[in-house]
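# Notes for the structure review
Below, each chain spelled out in residue letters.
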Amino acid sequence: MAATTFAWLVLLCPLVGSIAIALGFRKLRGRAPGWIATAAIFLSFAFAVVTFVLLLGKNPHHRELTSTLWNYDFSATVDAKLQILVDPLSVFMILVVSGVSALIHLYSVAYMHSDRGYARYFSYLNFFVLSMLLLVLGGNFIMLIVGWAFVGFASYALISFWYRRRTATRAGIKAFVINVVGDVGLVLGTFIIFQHAHSVEFLKVFHSTHHVFAHDSSSLVIACLLLGLGAFAKSAQIPLHTWLPDAMEGPTPVSALIHAATMVTAGVYLIARMHSLFEQAPTAGDVTAIGGCLTLLIAATIGLAVTDIKRVIAYSTMSQIGYMIMGVSAGAYSAGLFHLMTHAFFKALLFMAAGSLIGAMAGDQSLDRMGGFRKAMPFTFVGFMVGGLALSGLPPFSGWLSKDEILGFLDHRGGGFLVLGILGYIGAFLTALYTFRMIFRAFFGEPVEQARQLEEGHLAHADVPRNPATGEEEDSDVGFPGPDHHIAERDPPMKIAMGMLVVLAVIGGVLQIPGVDDGIVRFLSTAFADSKLSRALPSTGTDWVGLAIGAAIAVVGIATAYRLWIAAPETPSRIRARFAPLYTLFVNKWYFDELIDVLVVRPALMIGRLFDSAGERIVVARGLTGGTVAIVRASSAAVRRAQTGLLRYYAAGMVIFISAVALYFLVSST
Amino acid sequence: MTLSILIWLPLAIAVIAATLTGPQIGRFSAVGSLATLGIAISYVARFHPHRAGLQFVTDQTWIGALGIHYKLGLDGLNVLLVLLACVLFSASLIWATFREWNRPRLFYFHLGLAQSAVLGAFCAQDLALFVAFFDLMLIPFYFLIGMWGTGDRVRATTKLVVYTLIGSFFMLAAAIATGVVASNEHGTSLTFVLSALRHLPLSRSSQEWIFLGFAAAFLVKMPLVPFHGWLVDGYKSMPIPAVAVFSGILSKVAAYGFLRIVLPLFPYASVHYQTLMLLVALVSILYATALAFTTPDARLVVAYSSVAQLGFITLGIFSLRSQGAQGALLQMINHGLVTAPLFFIVALLAARAGGSEKLRDMGGIAFRAPVLAALFLIIVLATLAMPGSANFIGEFMILLGVFKTKVAIAAIGFVGVIGAAYYALRVFVSSMHNRLNPNAETREIALADAAAIAPLVLVILVLAFYPQFVLSRTQASAQSSLSGTATPIRVAAR
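Numbers given to residues run from 1 along each chain, matching the order in which its sequence is written. The order in which chains are written sets their letters, starting at A; the order in which ligands are written sets their numbers, starting at 1. This being a predicted model, a pLDDT of at least 70 is required before a residue's local features are given, and a value of 80 or more before pairs of side-chain atoms are given or counted; all residues contribute to the totals for chains, interfaces and linings. Derived side-chain values reflect all non-hydrogen atoms in the structure, with water molecules and hydrogen atoms excluded from consideration.

### Let's talk about the overall build of chain A
Starting at the N terminus, helices and strands are each numbered in turn, a helix being any DSSP run of H or I of at least four residues and a strand any DSSP run of E of at least two. Within chain A one finds 26 helices and two strands. Radius of gyration: C-alpha atoms only; globule rule: 2.2 Å multiplied by the number of residues to the exponent 0.38. Over its C-alpha atoms chain A spans a radius of gyration of 28 Å, differing by no more than 12% from the 26 Å that the globule rule assigns to 670 residues. Across its three principal directions, the C-alpha atoms of chain A cover 100 × 65 × 55 Å. Here chain A holds 670 residues, and the buried ones make up 62% of them. Contacts were defined at the residue level, with two residues in contact if any of their heavy atoms lie within 4.5 Å. Contacts in chain A between residues at least 24 apart in sequence constitute 80% of all its contacts with a sequence separation of at least 6. Carbon and sulfur atoms form 67% of the exposed surface of chain A, whose accessible area is close to 23,900 Å². Charge-centre separation for chain A: the mean point of 47 positive side chains lies 7 Å from the mean point of 41 negative side chains. Relative accessibility under 20% of the residue-type maximum defines a buried residue, over 50% an exposed one, and the middle range a partly exposed one, all with a 1.4 Å probe and only protein chains included. The method behind every accessible area is Shrake-Rupley, applied with a 1.4 Å probe, and residues are considered shielded solely by the protein chains displayed. None of His or the chain ends enter the tally, which takes Lys and Arg as positive and Asp and Glu as negative. Here the site of a charge means atom NZ of a Lys, CZ of an Arg, CG of an Asp or CD of a Glu.

### Comments concerning the overall build of chain B
Scanning chain B from N- to C-terminus turns up 20 helices and two strands. Seen through its principal axes, chain B has C-alpha atoms that stretch 70 × 55 × 40 Å. In chain B, buried positions account for 71% of the 494 residues. Accessible surface for chain B amounts to roughly 14,000 Å². Of this, 66% is attributable to carbon and sulfur atoms. Side chains of chain B carry 30 positive and 16 negative charges; the gap between the two charge centres is 4 Å.

### Regarding the interface of chain A and chain B
Every contact between the two is made by 74 residues of chain A and, on the other side, 78 residues of chain B. Both sides together, the interface formed by chain A and chain B hides about 7,000 Å², and carbon and sulfur atoms give 75% of it. Counted as salt bridges are all cases of a side-chain nitrogen of Lys or Arg within 4 Å of a carboxyl oxygen of Asp or Glu. Where chain A meets chain B, there are three salt bridges. Distance and chemistry together define a polar contact, namely a pair of N or O atoms within 3.5 Å, with one atom able to donate a hydrogen and the other to accept it when in protein, and with adjacent residues in sequence counting only for side-chain atoms on both sides. Remark: the boundary between chain A and chain B carries 11 residue pairs in polar contact (both at pLDDT 80 or more). Contributions of two or more residues to the side of chain A that touches chain B are made by β1 (65-75), α5 (141-159), α6 (166-197), α25 (592-635) and α26 (646-669) of chain A. A simple way to read buried area is as the amount of 1.4 Å-probe accessible surface that goes missing from two parts once joined, with both sides added.

### Considerations on the nonpolar core
We call a set of buried residues a nonpolar core when its members are Ala, Val, Leu, Ile, Met, Phe, Trp, Tyr or Cys and they connect through side-chain atoms within 4.5 Å of each other. Among the nonpolar cores identified, the biggest contains 433 residues, and L277 of chain A together with F214 of chain B are the most heavily contacted of them. Once residues within four sequence positions are removed from consideration, F214 of chain B is found in contact with L127, M171, A174, A175, T178, I261, V262 and F266 of chain B. Counting residues in each nonpolar core, the second largest holds 18 residues, with C293, M326, L420 and A428 of chain A among its members.

### Looking at the side chain of T265 of chain A
All names here are of chain A. Secondary-structure assignment places T265 in the loop between α10 (252-261) and α11 (266-273). Judged by relative accessible area, T265 falls into the buried class, the value being 0%. Those residues in contact with T265 that lie beyond four places of it in its chain are S235, A260, I321, M324 and L340.

### Section: the packing of aromatic side chains
All names here are of chain B. Ring geometry is summarised as follows: Phe, Tyr and Trp rings, the Trp one being its six-membered ring, pair when their centres sit within 6.5 Å, and such pairs are stacked at plane angles under 30 degrees, edge-to-face over 60 and tilted between the two. Throughout the structure, instances matching the rule amount to 50 aromatic pairs over all chains. Their ring planes at 90° and their centres at 6.2 Å tell us that Y235 and F246 sit as a pair that is edge-to-face. Of this pair, Y235 sits in helix α9 (residues 231-237) while F246 sits in helix α10 (residues 240-265); the two residues are 11 residues apart in sequence, bridging distant segments of the chain. Each member of the pair, Y235 together with F246, is buried. These aromatic residues form a ring-pair network of at least three members: F130, F134, F211, F214, F218, F258, F266, Y273 and F318.

### Remarks on the packing of helix α3 (residues 79-97) of chain B against α10 of chain B
Residues and elements named next belong to chain B. Here α3 crosses α10 at 170°, and the two axes come no closer than 8 Å. The pairing of α3 with α10 is recorded here as roughly antiparallel in orientation. In contact with L81, L84, A85, L88, F89, S92, W95 and A96 of α3, α10 contributes I240, P241, A244, V245, G248, I249, K252 and Y256. Residue polarity follows a fixed list, in which Ala, Val, Leu, Ile, Met, Phe, Trp, Tyr, Cys and Pro are nonpolar, Asp, Glu, Lys and Arg are charged, and the others, Gly among them, are polar. For the contact of α3 with α10, the per-class residue count stands at 13 nonpolar, two polar and one charged. Helix axes use the C-alpha atoms of the stretch in contact, all axes being lines fitted to C-alpha atoms, and the angles between their N-to-C directions lie in the range 0 to 180 degrees. Angles below 35 degrees are treated as roughly parallel, those above 145 as roughly antiparallel, those between 65 and 115 as roughly perpendicular, and all remaining angles as oblique.

### Some details on the pairing of strand β1 (residues 55-63) of chain B
Examined bridge by bridge, β1 of chain B and strand β2 (residues 68-74) of chain B share six bridges and lie antiparallel to one another. Considered in β2 of chain B, the bridge of I63 of chain B is made with I68 of chain B. In this description, strands pair whenever DSSP reports at least two bridges between them.

### Digging into helix α2 (residues 32-56) of chain A
Here α2 of chain A is 25 residues long and its end C-alpha atoms lie 36 Å apart, about the 36 Å a rise of 1.5 Å per residue gives. Elements in contact with the buried residues of α2 of chain A: α1 (3-23), β1, β2 (78-86), α3 (88-111), α4 (118-137) and α21 (519-525) of chain A. Under the convention used throughout, the expected extent of a helix is 1.5 Å for every residue step, that is, one less than its residue count.

This is how it looks when you write it as structure tokens:
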């Protein structure tokens with residue numbers, strides 16, 4: 001069978017899984033939905049591996065395969081089919097997506113066990129994987145947009161998964177609407193591209209880019225910026241990022257899967273996929289690169305100040321995606337995608353470990369109330385530590401090789417990109433700092449009550465479950481988190497999933513060691529064969545200099561964190577007092593939420609109310625309608641007695657009258 | 001089998017049903033509507049998708065002296081709208097059957113008459129016949145509001161009667177003028193047959209004022225802002241089965257009228273007034289979207305979203321591009337398929353919120369009603385035109401068409417797309433999610449209610465996978481409807 005057939009099977013598995021679980025939600029008992037969903041994704045991963053092997057068997061110059069099921073929107077010169085594109089880029093993505101998804105499904109089997117919405121959860125989760133795979137496999141702009149919106153919906157559904165929490169439903173709507181803004185950018189960008197290239201098929205558009213668009217032509221720059229808008233909304237880049245921290249309202253495995261490992265990196269995939277357009281419009285690429293750089297710095301500063309452990313990791317995700325966006329915008333495609341992969345490993349691992357920690361805290365997510373869990377949760381500690389070291393970029397962990405590959409490329413490209421690269425190193429220092437702030441505060445120091453109890457074998461259990469965000473009392477029925485908490489130490493599926501990610505986070509980098517194997521660069525090279533930028537790779541020597549600098553910065557960052565939170569724990573509060581305005585700015589997340597509220601949300605609602613009060617009640621109802629109606633009313637009080645049947649005569653009379661007028665016109669004119 | 005059977009069958013069924021008693025009246029009407037639906041399906045199955053001209057033509061002289069023919073036919077513009085009409089009337093009748101109505105004979109008679117008139121208006125290929133059916137289809141609704149309505153039904157009826165009759169009057173005058181002026185300008189005998197009128201193009205000045213007559217009638221009927229004064233009271237008062245078909249299918253007759261009559265017969269005027277019409281549509285989208293943001297009433301959110309959707313449909317038509325017209329035709333089908341079940345669901349929500357249709361009395365009921373929540377969610381996602389639904393393809397094509405003509409209008413139109421995401425989700429979340437409202441009770445959807453809603457959801461899902469079903473059937477006719485507007489200069493030179 002052809003590689004494309006297996007790619008369709010990759011899509012089919014989660015589709016069947018999702019529908020089967022949704023339809024059987026009353027019949028499936030116990031952990032059955034979880035196992036079905038997990039099996040579906042593992043099967044999907046197996047098919048992805050087969051696709052990969054079959055693609056490798058092909059001549060490197062013939063690794064772009066398309067396959068069509070049927071016409072989807074094929075009319076009036078639009079040529080959208082239900083079509084997939086199998087090339088090294090999409091195969092790389094489906095491997096990462098299905099692989100990480102499979103492990104997170106496995107983790108969820110245990111983590112969500114006591115939740116009353118167990119089947120719904122796995123149906124959504126399978127649907128999400130379907131959407132994400134569709135997004136990366138789609139062979140034209142329409143399929144891409146469909147996948148793009150589907151992941152947005154799946155993200156909404158899972159953020160609002162505990163839908164009886166008002167905080168969760170609000171966060172869901174926010175995420176959905178901001179993502180629709182991104183969708184609109186994508187659609188408008190597609191319009192411009194379609195208008196020039198007369199096709200929505202990727203291969204046709206990319207092959208004709210050089211003929212139909214002049215270098216840096218304004219229409220292409222606008223199109224690419226609109227695509228960038230989509231990428232920024234989905235990847236939570238400034239200023240469209242405010243939904244991501246709120247998205248932490250969803251269950252923790254969802255944060256690991258959607259809001260760390262896969263969906264939020266879709267923007268990176270998008271720019272890499274559209275690289276031939278972006279290279280023809282370098283101005284747009286510069287803008288997105290600067291946006292990514294700003295995001296990585298701002299998010300890192302917020303990560304230093306917030307105390308909700310999941311939100312720290314969320315800001316860290318924003319920051320890391322900033323690196324990727326900056327990389328792929330500058331032409332470091334393989335490096336950006338490599339970092340996408342290693343980030344998926346270690347960030348998923350961090351979230352899973354955080355989920356285990358939150359389980360031990362009986363749902364409490366505040367770093368302020370955590371401490372000393374090292375002995376009570378040795379396995380979780382190892383997981384968190386490995387994830388944290390990889391995130392900080394310490395050798396030989398995977399994050400070190402991938403992040404510094406991006407920065408090395410930027411330094412090598414020089415000019416303004418050198419500045420971005422240096423800012424990236426500052427970000428790397430902040431990364432190590434906030435990561436180890438988390439680790440030192442949660443796992444070191446004096447054990448808190450929950451940790452001491454756990455050391456004696458008692459898992460904390462809240463008598464009255466409360467919403468950690470508001471303190472509101474909850475029950476544990478449908479729409480709220482289940483009554484029991486789960487930690488990796490006690491639940492084998494969680495332990496296995498985390499264990500595999502520990503291995504991947506440590507050694508995932510070996511796929512791409514400069515001068516040794518260059519595996520990812522070589523595999524992806526055919527996908528970026530038409531790119532001028534990616535051919536100018538830095539030499540192995542330069543790469544290693546960059547890696548050395550990165551390692552040194554990570555060590556300095558971790559040492560500083562040690563000094564601040566272990567050796568001299570009174571310093572942070574002194575620094576806070578010394579730089580109070582800055583701290584206020586960081587802890588209030590640079591006031592982006594407030595800004596959007598004042599600029600967009602309030603005006604929109606105000607206009608709605610104004611239209612309702614002034615427009616509808618006065619102009620339309622009294623003026624336009626009232627006037628006419630009053631005339632009619634005055635002349636026929638009969639209408640008021642409609643119930644007596646006079647209305648019938650009235651209506652019949654009107655019809656007869658009109659017919660008479662008609663006849664008169666007809667007769668008189670002929 | 002002629003189209004006449006399809007058109008008059010609903011009325012015949014209603015007359016027969018009137019001879020029955022008790023619950024049999026409703027049951028007979030519902031089963032009968034399924035028979036009509038079967039006939040409509042057989043027409044769609046036998047329809048040749050790629051032919052532009054009329055198929056299944058019936059042509060008889062009706063009033064010879066005035067050149068009025070009883071001419072019926074199907075092409076890409078109306079074949080699927082006929083099917084949609086039958087689907088929605090079946091759903092509404094199934095919905096109605098499971099409920100009690102005062103004077104059931106009369107109630108079902110009016111619904112049957114309405115269906116016959118709507119089908120007639122879609123199939124009519126003679127201007128006078130179209131006008132007759134167009135007016136006829138409104139009459140049953142005056143009674144449906146006046147006799148079975150809720151709230152201030154007198155006021156609602158008055159407004160609807162006044163608005164639509166004024167609109168109808170304009171259209172009647174315009175229709176007569178079309179035939180008369182055409183025969184005068186070309187010196188031919190009087191005719192109202194559309195295909196004949198197409199070959200008798202009117203002069204610029206005549207087109208310009210006749211266009212306005214038709215536009216007034218159609219814009220009132222849709223309605224678009226500022227012709228929507230009857231909408232709030234009308235939609236609030238109508239009984240649910242009536243409002244479902246009224247919003248689902250009657251509003252489409254007006255949009256269809258633009259494609260069937262106005263664009264082919266008045267191509268010069270269509271180009272002349274293009275910007276004006278696009279602006280009216282755009283204002284409607286923005287205005288209705290803003291109202292849907294804040295209105296506290298679930299039924300009115302659906303009503304305003306209909307106005308916004310008809311704004312999009314009008315945008316597509318007056319983009320005067322084949323993409324826009326195709327998108328508009330697809331969106332007419334899509335909107336009918338989502339708006340009818342939305343009204344049903346609003347009724348179900350109200351039944352669970354102590355009879356109130358206010359959003360503040362609802363909330364949290366998904367909790368014991370997962371099936372209702374799932375059906376509602378699918379419809380809501382289609383309403384907000386999520387990519388992956390056929391509604392998205394409709395809006396995509398519409399805005400692509402507008403984008404090719406007027407970039408700025410398309411760009412502003414997207415505000416309506418974003419707004420829809422918010423207000424549609426707002427209705428869903430504030431009725432289904434959050435804590436259970438103290439005024440509400442959570443109860444799963446009953447089988448009888450699902451019988452009306454689930455089939456529509458199924459159609460929505462099938463179209464989501466295969467919107468091409470509609471597109472390939474409408475393509476040739478949409479092209480032909482627009483063909484005159486591509487070269488209006490030639491017409492203008494006369």
